[in-house]
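# Architecture and fold: a report
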Amino acid sequence: MKTAFLLGAAGIALAAPAFGQVTNTPTAAEVEVIVVEATHTRLNAFEYPGMTSTISTETLDLARPSDLDDLLRQLPGLEIAGGPRRTGQTPSLRGQGRENTTLLLDGARQNFGSAHDGALFVDPSLLVGVESVRGSASALYGSGASGGVISLRTASARDLLTPDERWGYSLGAGTRSVDGETRGSASVFGQSERIDILASVSHRTSGDITLGSGDDLPADDSATSSLVKLGVEPADGVRLELSWQGFDSEAIEPNNAQGIAGVDSLNALVEKDISSDNLTFNLSAAPAGLDWMDLDLTVYRNTTGVDEDELVSGRQLRRDLETTGIRADQRFAFQIGQFDAGLTVGGEYYEDTQDGYDSAETGGVRGGAPDASSQFTAGYTQLELTGPAPFGLPGQIILLPGIRHDSFETSSSLAADTSSSATSSRFAATWAPTQNFNVFASWGEGFRAPSINELYLDGTHFSLPHIILGAPVFITNRFIANPDLKPEQTETIEAGFSLDLADRFDGVDRLQLRAAWFETEATDLIDLSVDFAFDATCFAPPFLPCSAGTTRSANVSAAELSGYEAELKFAAGNFALDASLSDVDGEDSATGDPVGAATPVRLYLDGRWTLEPQRLTLGARAELAGDFDETTDPAALRDGYGVLDLYTRWQPFADRGLSLNAGVENLFDTDYERVFAGVSEPGRSLRFDLTWSQTF
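Notes on the structure follow. Note that the coordinates shown come from a computational prediction; the quantities given were computed from them, not determined experimentally. (Residues numbered from 1 in each chain as written. Predicted model: local features only at pLDDT ≥ 70, side-chain atom pairs only at ≥ 80, totals over all residues. Heavy atoms only, no water.)

Turning to the overall build of the protein, a few remarks are in order. The number of helices and strands found in the protein is six helices and 35 strands. At 26 Å, the protein has a C-alpha radius of gyration in line with the 26 Å of a compact globule built from 696 residues. Counting only C-alpha atoms, the protein reaches 85 × 60 × 50 Å along its principal axes. A buried classification covers 53% of the 696 residues belonging to the protein. A separation of at least 24 residues holds for 65% of the contacts in the protein among residues at least 6 apart in sequence. On the protein, roughly 28500 Å² of surface is accessible, and the fraction owed to carbon and sulfur atoms is 58%. (Helix = DSSP H or I, 4+ residues; strand = E, 2+ residues; numbered from the N terminus. Rg over C-alpha atoms; globule rule 2.2 N^0.38 Å. Buried < 20%, exposed > 50% of the residue type's maximum accessible area, 1.4 Å probe, protein only. Contact = heavy atoms within 4.5 Å. Areas by Shrake-Rupley, 256 points an atom, 1.4 Å probe, with all protein chains shown as cover.)

What follows is the structure, given as structure tokens:
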């Protein structure tokens, strides 16, 4: 696969500068989104050789998401596992789990990952945009990006004020019936010619979640999010931005917050405190007097911790992860013959340091959360060529080759240090015979270095009463470290097209369709293997010593993931419709058994009608999914489903910032499971939000 694709791509690249004519490039007014942050290109989303999606400020305002699932549900190829509890939700892209999905917040890596404690901690009300790039992105982002990248951006004063406004404020309150959630928020922001500042705080409390099955899922959650952001523009084309985003949540729930998990001897009820502090500095420098400089720099430090106190036993558990990193990109623009060229050269360093604690274990060692650290050092480059199509073909071609080299080292006192390196390459191309139609293809390598938790597992995985003696004699299944783990490797090919038909129909402002098929081959997959077995001594007097086996990570057989995605954007007058269709399948290359975070065929629709004089928007979202049978586990089979949400927003005053939002989620109280979690999704819910904002 790799050789054939590269030979064909190389032939196009060598021939491209010598043939054809350039078509007219769309003006800035004709393109919708310039993809920069997550793809490091100056291409708009319609031309980019891959599948990208954005969630705009307007969409966020209409949807008013309350958790990670609400926030990202509309993205094709994405799955949020873990069930309805906020603290258990984790994302995956194109069948690859959290470990292969890179999360960014204002350009800073969010590397926290836990089997039961969630992945990303930020209140959606602080966000002004989300960008998703699906497919292998290791050539830009290194380890853990073979599924793709999800980039979130928090608000700045510049986002909320027009150039002639100086300051403003916003107050908000809301409620949701399905879990008794109440929320409140307050923001104040201001700007001068060169300086802008914003301070915002949001607080949510919620209780038990009423499921579509009619059952209640026990939950008790209170979370506060804060954001302070200072921007300085000392010269034209230069912006410095310093931000702090904090999150603090207190919840009473089972230790494992995912799925239907209830309280029992293996899953104690805990008082859980989740905290996250993100300090980020961003510099963007493209001063008018220095044509060669186009620099982006991000320096960050993130600290995320989960403390748990078991309410009955008093046992204390802790997991802390600190990530410190720096990333710099310099872009050079120049000409190569008839081609416009952009060369991005960059480097990155980041370090993860984890600390775990269990008061019930000797030495405080917490099973599954070893004390360890890892360091990554990388350099990368990406070339972007736009010019006439080769071989006498009409239109233009875009070529996007890239390569990155990572060196990484992980160390712990629990076992031997380990180090390795990986090189990730990518080549992508778009051929646009006309402005309204293009086809694209890409090939990319990806990798994922073994995580701290996988390499240095230690301590107790789980305990249970002795099989003969019973309680209070307990036996354990223990973690075993494996510092010899190899990185996962992936190779992905993708092909698709983009079509714009807006000018073919009178009265249609927008009609764009993008679709792609992909296939990923993965080797050396890292799997957590549980050998649940009792020692022979468990069954004969004195029935001790006795254990319940071991758990360790290991590289297992290869797998193949494949699927497709399609997105439609339509607008005509006061009506707009967004739609996406996706499907992901995966199988073990040796056995043919299903693997990965496979999903059924899923159609997502979001239509809205805006009545301008009344400043009223009426909308509906529908999610339709087929039966899921890509599993050998009968318990994981899921029926297809259809879910309908209704929403509205009314802004009664033209010159005052009052906004009333309301909605009915899961209108027909459907009992369904989006992913395998052993638990239904939330049932019917009424939502109300009130916002008052003023700018001066």
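Bringing a nonpolar patch on the surface into the picture now. On the surface, a nonpolar cluster with roughly 570 Å² of combined accessible area is contributed by Ile195, Ile197, Val228, Leu230, Leu242, Trp244 and Leu279. Inspection of the secondary structure assignment puts leucine 230 in strand S13 (residues 221–235). Overall, leucine 230 belongs to the partly exposed group, its relative accessible area being 34%. (Patch = residues over 30% accessible without salt bridge, like charges linked within 9 Å, V, L, I, M, F, W, Y side chains within 5 Å. Salt bridge = Lys/Arg side-chain N within 4 Å of Asp/Glu carboxyl O.)

Along the chain, serine 553 falls in strand S28 (residues 550–556). According to the relative accessible area criterion, serine 553 is buried, its value standing at 2%. Once you skip the residues sitting within four places of it in the chain, serine 553 turns out to touch Glu454, Leu457, Asn482, Leu485, Ile526, Asp527 and Leu528.

Attention now moves to the sheet that holds strand S23 (residues 460–465). Pairing is mixed in the open sheet, where four strands are placed in the order S23-S24-S28-S27. Pairing within the sheet leaves two strands with one partner each, and these edge strands are S23 and strand S27 (525–531). Within the sheet, the average angular offset between the axes of one strand and its neighbour, ignoring direction, is 25°. (Pairing = 2+ DSSP bridges. Axes fitted to C-alpha atoms, helices over the stretch in contact; angles between N-to-C directions.)

Glancing now at the pairing of strand S30 (residues 575–588). Summarising the sheet, strand S29 (residues 559–572) and S30 pair through 14 bridges and their orientation is antiparallel. Among the inter-strand pairings, alanine 571 is bridged to a residue of S30, identified as alanine 576. In this structure, the hairpin formed by S29 and S30 is closed by a connection of two residues, where glycine 573 is found at a positive phi of approximately 65°. Pairing of S30 with strand S31 (residues 599–611), which is carried by nine bridges, proceeds in the antiparallel orientation. Note on S31: the bridge partner recorded for valine 584 is threonine 599.

Within the largest apolar cluster, 26 residues are counted, with the highest numbers of intra-cluster contacts made by Leu71, Leu72, Leu78, Leu127, Val130, Ile150 and Leu152. For this core, the secondary-structure elements that each account for two or more residues are helix H3 (68–72), strand S2 (78–81), strand S4 (101–105), strand S6 (127–134) and strand S7 (148–154). Listed in part, the 14 residues of the second largest apolar core include Leu104, Tyr141, Ala145 and Val149. (Core = buried A, V, L, I, M, F, W, Y, C linked by side-chain atoms within 4.5 Å.)

Each disulfide is one covalent bond, formed between the sulfur atoms of two cysteines. Summed over the entire model, instances satisfying the criterion amount to one disulfide. A disulfide bridge connects cysteine 538 with cysteine 546, and the sulfur atoms are separated by 1.9 Å. Where cysteine 538 bonds to cysteine 546 through sulfur, the torsion about that S-S bond is close to 100°, and the disulfide is right-handed. Neither cysteine 538 nor cysteine 546 differs from the other in exposure class; each is buried. (Disulfide = S-S within 2.5 Å.)

It is worth spelling out empty space enclosed by the protein at this point. In total, this model carries 11 cavities of 30 Å³ or more according to the counting rule given. Size it by volume and the largest cavity reaches roughly 550 Å³. Taken together, 43 residues line the largest cavity, and the ones lying closest to its centre are Asp67, Asp70, Arg73, Arg176 and Glu665. Secondary-structure elements contributing two or more residues to the lining of the largest cavity are helix H2 (57–63), H3, S31, strand S32 (616–625) and strand S33 (641–650). Counted by class, the lining of the largest cavity contains 15 nonpolar, nine polar and 19 charged residues. (1 Å grid on protein atoms, 1.4 Å probe; cavity = no way out; pocket = protein on both sides within 12 Å on 5 of 7 lines; lining within 4 Å. Points joined across faces, edges and corners; volume = space filled by probe spheres on them. Nonpolar A, V, L, I, M, F, W, Y, C, P; charged D, E, K, R; others polar.)

Our focus in this paragraph is a negative patch on the surface. Judged by side-chain charge, Asp208, Asp215, Asp216, Asp220, Asp669 and Asp671 come together as a negatively charged surface patch. Summarising the element assignment, aspartate 220 is placed in the loop between strand S12 (216–217) and S13. (Lys, Arg positive; Asp, Glu negative; His and termini not counted. Charge placed at Lys NZ, Arg CZ, Asp CG, Glu CD.)

Looking now at the sheet that holds S4. Taken in spatial order, the five strands make up an open sheet running S1-S6-S7-S4-S5, and their pairing is mixed. Of all the strands in the sheet, the pair left with one neighbour each is strand S1 (52–55) and strand S5 (108–109). One ladder, built from four bridges, connects S1 with S6; its direction is antiparallel. Bridged to threonine 54 within S6 is glutamate 131.

Another aspect to go through is the environment of glutamine 96. Within the secondary structure layout, glutamine 96 lies in the loop between strand S3 (90–93) and S4. A relative accessible area of 5% means that glutamine 96 is categorised as buried. The spacing of glutamine 96 and serine 132 is 36 residues in sequence and 14 Å in space, taken between C-alpha atoms. In contact with glutamine 96, other than residues within four places in its own chain, are Thr101, Ser146, Gly147, Thr490, Thr520 and Leu561.

Looking now at the packing of aromatic side chains. By the definition in use, this model includes 14 aromatic pairs. Considering the side-chain rings of tryptophan 167 and phenylalanine 696, the 4.6 Å spacing of their centres and the 25° angle between planes classify their relative orientation as stacked. Residue tryptophan 167 is located in strand S8 (residues 167–176), and its partner phenylalanine 696 is located in the segment after strand S35 (685–695); the two are separated by 529 residues in the primary sequence. Here tyrosine 350 and phenylalanine 376 contribute two aromatic rings whose centre-to-centre distance is 4.8 Å and whose plane-to-plane angle is 10°, an arrangement assigned as stacked. On the criterion of sequence distance, the pair formed by tyrosine 350 in strand S18 (residues 339–358) and phenylalanine 376 in strand S19 (residues 372–388) is long-range, its members being 26 residues apart. Phenylalanine 376 shares its class with tyrosine 350; the two are buried. An aromatic cluster is defined as three or more aromatic residues linked by ring pairs; in this entry it consists of Tyr350, Phe376, Phe408 and Phe447. (Phe/Tyr/Trp six-rings, centres within 6.5 Å; stacked < 30°, edge-to-face > 60°.)

Bringing unusual backbone geometry into the picture now. Across the junction of alanine 471 and proline 472, the peptide omega takes the value 10°, indicating a cis bond. Examined against the element boundaries, proline 472 turns out to sit in the loop between S23 and strand S24 (474–480). A cis amide bond links leucine 544 to the next residue, proline 545, at an omega of 0°. Positionally, proline 545 belongs in the loop between S27 and S28. For phenylalanine 543, which is not glycine, the phi dihedral falls at a positive 70°. As for its position among the elements, phenylalanine 543 is in the loop between S27 and S28. Unusually for a residue other than glycine, arginine 615 sits at a positive phi of about 50°. By secondary structure assignment, the location of arginine 615 is in the loop between S31 and S32.

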